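Spelled out from the first residue to the last, the chains are:
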Amino acid sequence: MASLNVGNLGEYLREQRRNAQLSLRQLAEAAGVSNPYLSQIERGLRKPSADILQQLAKALRISAETLYVQAGILDERERDELETRAVILADPSINERQKQVLLQIYESFRKENGMDGSDGSDTTGPDSSDADPPSH
């Protein structure tokens, strides 16, 4: 069981709960889990499922992806991309259309830089930072 990051997850959850100024009981109730189960997670005795992590993240108003990384379910690079998307989607200062446009721009930049998970063969290359006029 040494491969589980359960201890780090528990410490992280406890820190997030305290930052949110929630008691163990309040968080357990908000996330729909029992007090003893949440206590065991925080002490590193239990590894919660992705669904439970999602419920906890929602109750804490943090990114579920962050908890997935802490639990070893998701790697750091995937989390960075997902967190960027989550931050954009959670921003109350922009409307839904603006959020979607921003996500499209973000994805186009990732593809341009070969970060979309493909082999990069569909990009125009590293020297194409300036837009070239279309050739006919």
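In this text, all values refer to a predicted model and were calculated from it rather than measured experimentally.

## A closer look at the layout of surface pockets
Put simply, the largest pocket is a space of about 240 Å³. Taken together, Q54, A57, K58, R61, I62, S63, A64, E65, A86, V87 and A90 make up the full set of residues lining the largest pocket. Sorting the residues of the lining of the largest pocket by element identifies α4 (50-60), α5 (64-70) and α6 (76-90) as the ones contributing at least two each. Here the residues of the lining of the largest pocket are counted per class, giving 6 nonpolar, 2 polar and 3 charged.

## What about unusual backbone geometry?
At Q21, a residue that is not glycine, the phi angle is positive and equals roughly 55 degrees. Note on placement: Q21 falls in the loop between α1 (6-19) and α2 (24-31).

## Overview of the environment of Q70
Here Q70 is to be found in helix α5. Between the alpha carbons of Q70 and L13 there is a distance of 9.2 Å; along the sequence they are 57 residues apart.

## Quick look at the nonpolar core
In this structure, L13, V33, L56 and L67 are the most contacted members of the largest nonpolar core, which totals 22 residues. Among the elements that make up this core, the one with the highest residue count is α4 (6 residues).

## Looking at α4
Residues spaced three or four apart along an α-helix face the same direction, because each turn holds 3.6 residues. If you check which residues of α4 are buried, you get I52, L53, L56, A57, A59 and L60. For α4, the angular spread of the buried residues around the axis is 165 degrees, confining them to a single face. Turned more than 90 degrees from where α4 packs its buried face, D51 and K58 sit exposed. Where α4 ends, the next residue or the one after it, R61, has phi of about 60 degrees, a positive value.

Cut-offs and rules
- Within each chain, residue numbers correspond to sequence positions counted from 1 in written order.
- Since the coordinates come from a predicted model, pLDDT governs what is reported: local features require at least 70, and pairs of side-chain atoms require 80 or more to be given and counted, while whole-chain, interface and lining totals use all residues.
- Only heavy atoms go into the side-chain values, all of them from the structure, while hydrogens and water stay out.
- Whether a set of points on the 1 Å grid over the protein atoms alone is a cavity depends on a 1.4 Å probe fitting there but being unable to get out, while an open set qualifies as a pocket with protein on both sides within 12 Å along at least five of seven lines; lining residues are those with an atom within 4 Å of a point.
- Grid points are joined across faces, edges and corners, and a volume is the space filled by probe spheres set on the points.
- Segments assigned H or I by DSSP are reported as helices when at least four residues long, segments assigned E as strands when at least two residues long, and all are numbered from the N terminus.
- Side-chain classes follow a simple rule in which Ala, Val, Leu, Ile, Met, Phe, Trp, Tyr, Cys and Pro form the nonpolar group, Asp, Glu, Lys and Arg form the charged group, and the remainder, Gly included, forms the polar group.
- Residues belong to one nonpolar core when they are buried, are Ala, Val, Leu, Ile, Met, Phe, Trp, Tyr or Cys, and are joined through side-chain atoms within 4.5 Å.
- To sort residues, take the accessible area from a 1.4 Å probe on protein chains only and compare it with the maximum for the residue type: under 20% means buried, over 50% means exposed, and anything in between is partly exposed.
- As used here, the arc is the angular range of directions from the helix axis to the C-beta atoms.

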